[in-house]
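An overview of the molecular structure
Below are the chains, spelled out letter by letter.
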Amino acid sequence: MATVAAVIASTHHPFYYRASTATGAGRPPFADEWVAKIEAFRETLTKARPDILVMVGSDHFHQLWLDNMPQFLVGKAPYFDANWYNEEREFGLPRMRLTGDEQLAGHILRNGLDAGFDLAFSNELRIDHSITCPIITLRPDADLPIVPIYTNIFAPPLPRPGRFVELGRTIRQLVESWPIDKRVAIIGTGHLSLELGGPRQFGAHGPDPEFDRKAVEWIAGGDIEGCLSEVTLDSLHLPGNATHGFMDFMLMMGVAGAGAKADHVDSLDLFHTMEAYFTWYPNGVPA
């Protein structure tokens, strides 16, 4: 059977690539601290020695639009092209081609349907920075096959937060039931409080520091019930107009399990948002 070697949750700021590679006067003053945190975070994945990455993210209206918006979609293809032109233009993100693992994707699809999730799939999925940015930060060589899973956090009606948690638990069960001896890291990426295009977008920190503080505590301590008692589709409008991306963090809490305390926790206040990084080792910290 497959082993879940690591469970990882992070933000996916598309500016990291440009900030970390800038030199001279063009290098932001926060770049060195950010790079140091990312390098420590990257080591948590390296220590897990994964063979495959299951990557949970959300399409930013690049390929999925209001004419056909699946709630949960699995990419099932031999390779995936990335990124999109506006991501290259605005953030300097490179074009990428990532290898897929069709066998694990097929297993998740078939057994996910049987477990009660009507998963959509795509054999022609092109992915964006919600998945490529964690690869750039965690596995910059991009040398491992991936299974991308997209969630709908943008286009109402959205699944409720509890459904994201349930899907996380199911993904963990599906990976562990895969009858192939591989080490799989499950990586998910979302936001804490976030405002896009609104009056709170460009502050010294995220638009709602109190929400961010509680969110980090919920995630780091595996407090799924405490989180679900406060977080609803309606309440997520309050910390910032794009905070529904936090439900992908809740999905990863479902993967890690109730009460699971993260083995690595770090964060960085970065002008308009708090960056946050978490790693769990379900089978103990690797030697």
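To be clear, the structure that these remarks concern was listed above.
Residues numbered from 1 in each chain as written. Predicted model: local features only at pLDDT ≥ 70, side-chain atom pairs only at ≥ 80, totals over all residues. Heavy atoms only, no water.

1. Re the pattern of salt bridges
Formally: In the sections that follow, a salt bridge refers to a side-chain nitrogen of Lys or Arg positioned within 4 Å of a carboxyl oxygen of Asp or Glu. Runs of H or I in DSSP of at least four residues are treated as helices and runs of E of at least two as strands, each being numbered from the N terminus. Burial status follows relative accessibility: with a 1.4 Å probe on protein chains alone, a residue under 20% of its type maximum counts as buried, one over 50% as exposed, and anything between as partly exposed.
All chains considered together, the criterion is met by ten salt bridges. Across the pair glutamate 210 and arginine 213 runs a salt bridge whose closest N-O atoms are separated by 2.4 Å. Within this pair, glutamate 210 and its partner arginine 213 are both found in helix α7 (residues 209-221), separated by three residues, close to a single helical turn. What makes arginine 213 partly exposed here is its relative accessible area of 39%.

2. Observations regarding the nonpolar core
This is how the line gets drawn: Side-chain atoms within 4.5 Å link the members of a nonpolar core, which is a set of buried Ala, Val, Leu, Ile, Met, Phe, Trp, Tyr and Cys residues. Contacts between residues were defined by any pair of non-hydrogen atoms, one from each residue, lying within 4.5 Å.
Among the nonpolar cores identified, the biggest contains 55 residues, and Val54, Ile171, Ile186, Leu192, Phe246, Phe278 and Trp280 are the most heavily contacted of them. When residues in this core are grouped by element, the largest group, nine residues, is from helix α9 (residues 246-256). Discounting chain neighbours no more than four positions away, the residues touching isoleucine 171 are Val54, Val56, Ile149, Ile186 and Leu251. Core analysis: the second largest hydrophobic core is formed by 37 residues, Ile8, Ala19, Leu125 and Ile136 among them.

3. Some details on α7
For clarity, the threshold we go by: By this rule the span expected of a helix is its residue count minus one, scaled by 1.5 Å.
Compared with the 18 Å implied by 1.5 Å per residue over 13 residues, the 18 Å span of α7 between its first and last C-alpha is a close match. In the core, the buried residues of α7 are packed alongside α8 (224-230), α9, β9 (264-270) and β10 (273-280). Positive phi shows up at glycine 222, right after α7, with a value of about 65 degrees.

4. Some thoughts on the packing of helix α2 (residues 31-48) against helix α5 (residues 129-138)
Each pair of packed helices can be described by the angle between their axes along with the distance between the axes. To keep it simple, the criterion reads: The angle between two axes is taken between their N-to-C directions and runs from 0 to 180 degrees, where each axis is a line fitted to C-alpha atoms and a helix contributes only its stretch in contact. Any angle that falls under 35 degrees is termed roughly parallel, while one over 145 is termed roughly antiparallel, one within 65 to 115 roughly perpendicular, and all others oblique. Three classes are used: nonpolar for Ala, Val, Leu, Ile, Met, Phe, Trp, Tyr, Cys and Pro, charged for Asp, Glu, Lys and Arg, and polar for all others, with Gly counted as polar.
Relative orientation of the contacting elements α2 and α5 amounts to 90 degrees, with a least axis distance of 8 Å. The angle between α2 and α5 places the two elements in the roughly perpendicular class. Residues Ile38, Phe41, Arg42 and Leu45 of α2 form the contact with α5, whose participating residues are Ile136, Thr137 and Leu138. In terms of residue class, the contact of α2 with α5 is made up of five nonpolar, one polar and one charged.

5. Section: the side chain of threonine 243
Test applied: Pairing of N or O atoms within 3.5 Å defines a polar contact, subject to two protein rules: one partner must be a possible hydrogen donor and the other a possible acceptor, and residues neighboring in sequence count only if both atoms are side-chain atoms.
Within the fold, threonine 243 resides in the loop between α8 and α9. At a separation of 2.9 Å, a polar atom in the side chain of threonine 243 contacts the main-chain carbonyl oxygen of glycine 240.

6. Details of the packing of aromatic side chains
Short version of the rule: Ring pairs shown here join Phe, Tyr and Trp side chains whose ring centres sit within 6.5 Å, with only the six-membered ring taken for Trp; geometry is labelled stacked below 30 degrees between planes, edge-to-face above 60, and tilted in between.
Inspection of every chain in the model, using the stated rule, returns 13 aromatic pairs. Relative to phenylalanine 249, the ring of phenylalanine 246 has its centre 6.2 Å away and its plane inclined at 40 degrees; by these criteria the two rings are tilted. With phenylalanine 246 and phenylalanine 249 both in helix α9 and three residues apart, this pair spans about one turn of that helix. Pair check on accessibility: phenylalanine 246 and phenylalanine 249 agree, each one buried.

7. Section: the pairing of β9
How we decide: For two strands to be treated as a pair, DSSP must find no fewer than two bridges joining them.
Burial of β9 is one-sided: the residues His264, Asp266, Leu268 and Leu270 facing one way are buried, the residues Val265, Ser267 and Asp269 facing the other way are not. Here β9 pairs with β10 via seven bridges, running antiparallel. Each bridged residue has a counterpart across the sheet, and for leucine 268 the counterpart in β10 is glutamate 275. Counted between consecutive antiparallel strands, the loop separating β9 from β10 contains two residues, among which phenylalanine 271 sits at a positive phi close to 35 degrees.

8. Some details on α9
Where burial is concerned, most of α9 is hidden: eleven out of the eleven residues are buried. Within the sequence span of α9, burial applies to Phe246, Met247, Asp248, Phe249, Met250, Leu251, Met252, Met253, Gly254, Val255 and Ala256.

9. Some thoughts on the pairing of β10
Across the eight residues of β10, eight count as buried, placing the element largely inside the fold. A two-sided burial pattern is seen for β10, the buried positions comprising Thr273, Glu275, Tyr277 and Thr279 on one face and Met274, Ala276, Phe278 and Trp280 on the other. The pairing of strand β1 (residues 3-10) with β10 spans four bridges and is antiparallel. Counted as the bridge partner of serine 10 is tyrosine 277 from β10.

10. Quick word on the sheet that holds β10
Pairing in this open sheet of eight strands is mixed, and the strands run β6-β3-β7-β2-β8-β1-β10-β9 from one edge to the other. The strands lining the two open edges of the sheet, one partner per strand, are β6 (120-122) and β9. Averaged over all pairs of adjacent strands, the angle between strand axes in this sheet comes to 15 degrees, irrespective of strand direction. Docked against the sheet, helix α4 (residues 102-114) engages β2 (52-57), β3 (72-75), β6, β7 (146-151) and β8 (183-189), running at close to 150 degrees with respect to β3.

11. Quick notes on the environment of tryptophan 218
Tracing the backbone shows tryptophan 218 in helix α7. Distance from tryptophan 218 to leucine 228, taken between C-alpha atoms, is 9.7 Å for residues ten residues apart in sequence. Apart from the residues lying within four places of it in its own chain, the contact partners of tryptophan 218 are Phe211, Asp223, Gly226, Cys227, Glu230, Val231, Phe246 and Met253.

Function-wise, these values are silent; they only describe arrangement.
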